[in-house]
Amino acid sequence: MDGLVCASLVKMAKNAEITLADYSTLNSELGKIDRNNTDQLYLCDMSLGDYLIPSLNRVGRETALVYIDHHPMKDSMRYILEDLNCTIVHSTEKCAGILTLQYLKEYLPESCAILAAYASVSDYPHSSPEVSKFVDSFDTKLLAFETSLLYYSIAHAYNDNAFKLRLVECLSKGQYPHQIEGVMDYTKKQVDYTLDLINNADSRMSYGKHISHIEVHGSIAILANSLVQIARNPTTICYCKTANGARYNLSIRSRERHNLGEMAEHVARLVGGTGGGHPMAAGAQLPAGKLALFLQYFDEELDKE
């Protein structure tokens, strides 16, 4: 959701052409960037792993880069981006939507600030006094209602890029989520599915020593956020196959304090995948045949803590 808000703000400010990518498609999308028709490239709400370095080096030497993100960033990646003269807008204390709003504020109307509030409520509503003050400046119930609609409709549209691009278009034109065609219907379907998972989680989930895991349909991140609070074990992993069945995307959450981002990166690399994220929220992308091994290794990593 945070990334979609960033896309809407960049669209509004720069009339940009929008490409929605996740960690399984980002490298291939970077490979499509053509310096002849791209003056500036905004990369928003994406943790940059080492596997992207060749693509970043090529694109960054041909196109002006702006990187806006809130995930922990390695010093080595910062040095690479600085060497490419990339504009870096980074903080782990604000969501990417707020960072994008602040960076592009001279090009944006004041009314679009609510978009960043949607992103903040779904991500970091009280990460700092500054962010809390920003979120609290909006009507609490209206903000919660509109954020929930956007949150659950995006979850249902996990593999529906056409719907998500239409959301970006409508939001960039100042429409509220409840005014956008399809949002109410998608929200109802996703909430029904989420409640069904929550009510039957104990029988549907599988368990390791420290992890509860389940294959799901829809946004793995949003479902992991819902299930982690009620799962038997403190760390929850939700996963689903990519459309071509070749890979699994995973989302990891925990009620305990771990550096999940570092763990996901380490374990995913062991099985030929990629991973990363925040200390309390992480993700990974794996070859389809390596899921069981990843779950085993991740459980073993938690056992060391």
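See the structure above.
Residues numbered from 1 in each chain as written. Predicted model: local features only at pLDDT ≥ 70, side-chain atom pairs only at ≥ 80, totals over all residues. Heavy atoms only, no water.

Enquirer: Sorry if this is basic, but what is going on with the overall build of the chain here?
Expert: When helices and strands are counted, the chain shows 14 helices and nine strands. Against the compact-globule benchmark of 19 Å for 305 residues, the chain has a radius of gyration of 19 Å, which places it among compact chains. For the chain, the C-alpha atoms occupy an extent of roughly 50 × 45 × 40 Å along the three principal directions. A fraction of 59% describes how many contacts in the chain between residues 6 or more apart in sequence connect residues 24 or more apart. On the chain, roughly 14500 Å² of surface is accessible, and the fraction owed to carbon and sulfur atoms is 48%. (Helix = DSSP H or I, 4+ residues; strand = E, 2+ residues; numbered from the N terminus. Rg over C-alpha atoms; globule rule 2.2 N^0.38 Å. Contact = heavy atoms within 4.5 Å. Areas by Shrake-Rupley, 256 points an atom, 1.4 Å probe, with all protein chains shown as cover.)

Enquirer: Hey, could you run me through the sheet that holds strand β4 (residues 206-207) in this one?
Expert: Strand pairing in a sheet is mediated by backbone hydrogen bonds. Such pairs are either parallel or antiparallel. Taken in spatial order, the six strands line up as β4-β5-β6-β7-β9-β8 in an open sheet, and their pairing is mixed. Two strands lie at the open edges of the sheet, namely β4 and β8 (274-277), each paired on one side alone. Its contacts with the sheet put helix α12 (residues 220-227) on β5 (211-215), β6 (235-241) and β7 (247-254), and the angle it makes with β7 is roughly 35°. Across the sheet, helix α13 (residues 260-270) touches β7, β8 and β9 (281-287), and the angle it forms with β8 is around 175°. (Pairing = 2+ DSSP bridges. Axes fitted to C-alpha atoms, helices over the stretch in contact; angles between N-to-C directions.)

Enquirer: Would you mind showing me how to read the layout of surface pockets here?
Expert: A probe as big as a water molecule, rolled over the atoms, marks out the empty space that is left. The calculated volume of the second largest pocket comes to roughly 160 Å³. As for the second largest pocket, its lining consists of 13 residues, of which Y158, N159, V216, H217 and G218 are closest to the centre. For the lining of the second largest pocket, the secondary structure elements donating two or more residues are α8 (140-156), α10 (183-199) and β6. Of the residues forming the lining of the second largest pocket, the biggest block, three residues, is contributed by α10. Considering only residue class, the lining of the second largest pocket consists of five nonpolar, five polar and three charged. (1 Å grid on protein atoms, 1.4 Å probe; cavity = no way out; pocket = protein on both sides within 12 Å on 5 of 7 lines; lining within 4 Å. Points joined across faces, edges and corners; volume = space filled by probe spheres on them. Nonpolar A, V, L, I, M, F, W, Y, C, P; charged D, E, K, R; others polar.)

Enquirer: I'm lost on the sheet that holds strand β3 (residues 87-90) in this one. Help?
Expert: Taken in spatial order, the three strands line up as β1-β2-β3 in an open sheet, and their pairing is parallel. Every interior strand has two partners, whereas the edge strands, β1 (40-44) and β3, have only one. Each strand of the sheet is rotated relative to its neighbour by a mean of 10°, with strand direction disregarded. With five bridges joining them, β1 and strand β2 (residues 64-69) adopt parallel strand pairing. By the bridge assignment for β2, Y42 is matched with V66.

Enquirer: Please clarify how the pairing of β2 should be interpreted in this entry.
Expert: Looking along a regular strand, one sees the side chains alternate between the two faces of the sheet. In terms of burial, β2 is a largely internal element, five of the six residues being buried. Following the backbone out of β1, through helix α3 (residues 53-60) and into the adjacent parallel β2, one traces a crossover that is right-handed. Here β2 pairs with β3 via four bridges, running parallel. Bridge assignment links I68 to a residue of β3, and that residue is V89. For the crossover that starts at β2, traverses helix α4 (residues 75-83) and ends in the parallel β3, the hand is right-handed. (Buried < 20%, exposed > 50% of the residue type's maximum accessible area, 1.4 Å probe, protein only. Right-handed = clockwise from strand over helix to strand, strands pointing away.)

Enquirer: Even after reading the chapter, I still don't get α8, so can you show me in this structure?
Expert: Note that an α-helix has 3.6 residues per turn; residues three or four places apart therefore point the same way. With 17 residues, α8 should cover 24 Å at 1.5 Å per step; its first-to-last C-alpha distance of 24 Å lies within 8% of that length. For α8, the full list of buried residues reads L143, E146, T147, L149, L150, Y151, S153, I154 and A155. Those residues of α8 hidden inside the fold are in contact with α1 (2-14), α6 (113-123), α7 (129-136), α9 (161-172), α10 and α12. Looking at where α8 begins, the residue whose side-chain oxygen comes 3.2 Å from the main-chain nitrogen of K141 is D139. (Expected span 1.5 Å × (residues − 1). Polar contact = N/O pair within 3.5 Å; in protein donor to acceptor, adjacent residues only side chain to side chain.)

Enquirer: Explain the packing of aromatic side chains to me, please; I cannot follow it from the model alone.
Expert: Between two aromatic rings, the relevant description is the distance of the centres plus the angle of the planes. Enumeration over the complete set of coordinates arrives at five aromatic pairs. Above the face of the Y107 ring, K14 is positioned so that its terminal group lies 4.0 Å from the ring centre. (Phe/Tyr/Trp six-rings, centres within 6.5 Å; stacked < 30°, edge-to-face > 60°. Lys NZ or Arg CZ within 6 Å of the ring centre and 35° of its normal.)

Enquirer: Sorry, what's going on with the state of the cysteines here?
Expert: Covalent bonding between the sulfur atoms of two cysteines is what defines a disulfide. Inspection of every chain in the model, using the stated rule, returns zero disulfides. As a non-bridged cysteine, C6 has C44 as the owner of its nearest cysteine sulfur, 4.7 Å distant. Here C112 is not cross-linked by a disulfide; its sulfur's nearest cysteine counterpart is in C6, at 12 Å. (Disulfide = S-S within 2.5 Å.)

Enquirer: Whenever I open this one, the environment of N85 confuses me. Can you help?
Expert: Along the chain, N85 turns up in the loop between α4 and β3. C-alpha separation for the pair N85 and A155, spaced 70 residues apart in sequence, amounts to 35 Å.

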